[in-house]
Amino acid sequence: MMYTVDMTQPTLINFSPLTVEEEVSQNIRMILATPWGSAPLAREVGLDYTIIDEPAFIAETRLTAEIITAITEQEPRASVADVSFPKDKEDSLNGRLAVVVKYTLAEEE
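Scope of this entry: the structure provided in the associated data block. Here the structure is a predicted model, which means the values were calculated and not measured.

About the criteria used
- Residues numbered from 1 in each chain as written.
- Predicted model: local features only at pLDDT ≥ 70, side-chain atom pairs only at ≥ 80, totals over all residues.
- Heavy atoms only, no water.
- Helix = DSSP H or I, 4+ residues; strand = E, 2+ residues; numbered from the N terminus.
- Expected span 1.5 Å × (residues − 1).
- Buried < 20%, exposed > 50% of the residue type's maximum accessible area, 1.4 Å probe, protein only.
- Arc of directions from axis to C-beta.
- Contact = heavy atoms within 4.5 Å.
- Salt bridge = Lys/Arg side-chain N within 4 Å of Asp/Glu carboxyl O.
- Pairing = 2+ DSSP bridges.
- Axes fitted to C-alpha atoms, helices over the stretch in contact; angles between N-to-C directions.

Some words on helix α2 (residues 56–74)
Consideration 1: Here α2 spans 25 Å end to end across 19 residues, near enough to the 27 Å set by a 1.5 Å rise per residue.
Consideration 2: Among all positions in α2, only Ala 59, Glu 60, Leu 63, Ile 67, Ala 70 and Ile 71 are buried. On an axial view of α2, the arc spanned by its buried residues comes to 100°, and they lie on one face. For α2, exposure combined with an orientation more than 90 degrees from the buried face picks out Phe 57, Thr 61 and Glu 73.
Consideration 3: Those residues of α2 that are buried are in contact with α1 (20–33), β2 (78–84) and β3 (100–105).

Some remarks on the pattern of salt bridges
Consideration 1: Inspection of every chain in the model, using the stated rule, returns four salt bridges.
Consideration 2: With its nearest N and O atoms 2.9 Å apart, the salt bridge here joins Arg 62 to Glu 54.
Consideration 3: Residue classification places Glu 54 among the partly exposed residues on the basis of a relative accessible area of 30%.
Consideration 4: One salt-bridge network, in which partners are shared between bridges, spans Glu 23, Glu 75 and Arg 77.

Points about α1
Consideration 1: Across its 14 residues, α1 extends 20 Å between first and last C-alpha, which sits within 8% of the 20 Å expected from 1.5 Å per residue.
Consideration 2: Looking only at α1, the buried set comprises Val 24, Ser 25, Gln 26, Ile 28, Arg 29, Ile 31 and Leu 32.
Consideration 3: At its buried positions, α1 is contacted by β1 (3–6), α2, β2 and β3.

Here's the deal with the environment of Leu 12
Consideration 1: Along the chain, Leu 12 falls in the loop between β1 and α1.
Consideration 2: Here the alpha-carbon distance between Leu 12 and Val 80, two residues 68 residues apart in the chain, equals 22 Å.

Let's talk about the sheet that holds β2
Consideration 1: The strand order β1-β3-β2 describes an open sheet built from three strands, whose pairing is antiparallel. Sheet topology places β1 and β2 at the edges, where each strand pairs with a single neighbour. Between one strand axis and the next, the sheet turns through 25° on average, direction left out of account.
Consideration 2: Sitting on the sheet, α1 touches β1, β2 and β3, and the angle it makes with β3 is about 140°.
Consideration 3: Sheet contacts for α2: β2 and β3; angle to β2, the most-contacted strand, approximately 165°.

If you want it as structure tokens, here you go:
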């Protein structure tokens with residue numbers, strides 16, 4: 001079964017997720033939202049945000065690789081199937097880069 005983490009939509013943190021899918025989705029959101037090296041006692045969690053300063057087409061390519069690597073290393077229960085960057089006119093004008101990650105649970109494969 002394919003699951004989606006859409007960083008264009010806000011969500012609340014659930015401190016007691018009821019399902020593995022909910023827990024994994026929340027962990028992926030935290031990985032994507034955390035600058036690498038900024039989490040106390042877990043400096044290896046997150047993404048390298050310096051990539052964002054690159055031109056958009058380069059940033060997307062580098063971020064895709066960074067996201068796949070980070071999720072593979074930091075949330076081994078997820079297997080990334082797709083990383084996309086939806087294009088929105090307002091986001092483009094404001095320099096925002098939103099990401100949508102589709103994944104499957106490794107135990108379901």
